[in-house]
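Residues per chain, in single letters:
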Amino acid sequence: MSNKKIYVAGGCFWGLEELMRERPGVVDTEVGYCGGENENPTYENHPGHAEALEITYDDDKTSREELWDYFFRVHDPTTLNQQGNDIGNSYRSAIFYQDEQEKQQAEAFISKVNQSGKWAKDVVTSLEKFDTFWPAEDYHQDYLQKNPGGYTCHYLRFEDIY
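Residues numbered from 1 in each chain as written. Predicted model: local features only at pLDDT ≥ 70, side-chain atom pairs only at ≥ 80, totals over all residues. Heavy atoms only, no water.

(A) Local environment of the pairing of strand β1 (residues 3-10). Examined bridge by bridge, β1 and strand β3 (residues 50-58) share 7 bridges and lie antiparallel to one another. For N3, the partnering residue across the bridge sits in β3 and is D58. Note that β1 and strand β6 (residues 93-97) share 4 bridges and pair antiparallel. The partner of G10 across the bridge, within β6, is S93. (Pairing = 2+ DSSP bridges. Helix = DSSP H or I, 4+ residues; strand = E, 2+ residues; numbered from the N terminus.)

(B) Summary view of the sheet that holds strand β7 (residues 126-129). Strand order across the open sheet formed by 6 strands is β7-β6-β1-β3-β2-β8, with mixed pairing between neighbours. Of all the strands in the sheet, just β7 and β8 (134-135) have a single pairing partner and so form its edges. Packed onto the sheet, helix α1 (residues 13-20) meets β1, β2 (26-34) and β3 and runs at close to 165 degrees relative to β2. In the packing of helix α2 (residues 64-74) onto the sheet, the strands contacted are β1, β2, β3 and β6, and the crossing angle to β1 comes to about 20 degrees. (Contact = heavy atoms within 4.5 Å. Axes fitted to C-alpha atoms, helices over the stretch in contact; angles between N-to-C directions.)

Next comes the structure, spelled out in structure tokens:
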């Protein structure tokens with residue numbers, strides 16, 4: 001078993017975590033903040049940070065591309081800085097790449113999503129160099145497990161992208 005990590009943002013981290021945690025090969029998920037201006041961000045103070053998700057997966061059971069495929073099906077990657085009722089830079093769609101190879105793969109994957117014709121508009125998901133993942137406060141972790149009726153704007157929009 002070889003565990004790897006990817007970092008994505010697609011709106012409120014609660015709903016994204018809830019759906020991604022169930023994917024085959026996903027070992028762990030943690031919500032937090034990426035891509036911002038301050039160290040030790042909090043929910044009340046995270047300028048420039050996206051609400052992000054760290055996904056730890058077993059690459060013998062799934063791939064980064066399979067996880068990206070699902071990511072692009074459970075949020076709207078064509079809305080700039082918005083998912084559902086959540087508006088602002090914190091709710092942007094982003095992939096935080098860890099090296100040049102991952103960046104190139106993400107660029108190619110976004111092209112495939114655009115070419116699929118599933119979305120009426122082009123993908124606006126940003127590709128941002130990964131720096132630090134800052135875990136969110138404990139009350140945000142596994143939020144929809146603790147609060148099953150809580151808010152989410154994430155749901156499966158397409159059975160497949162291709």
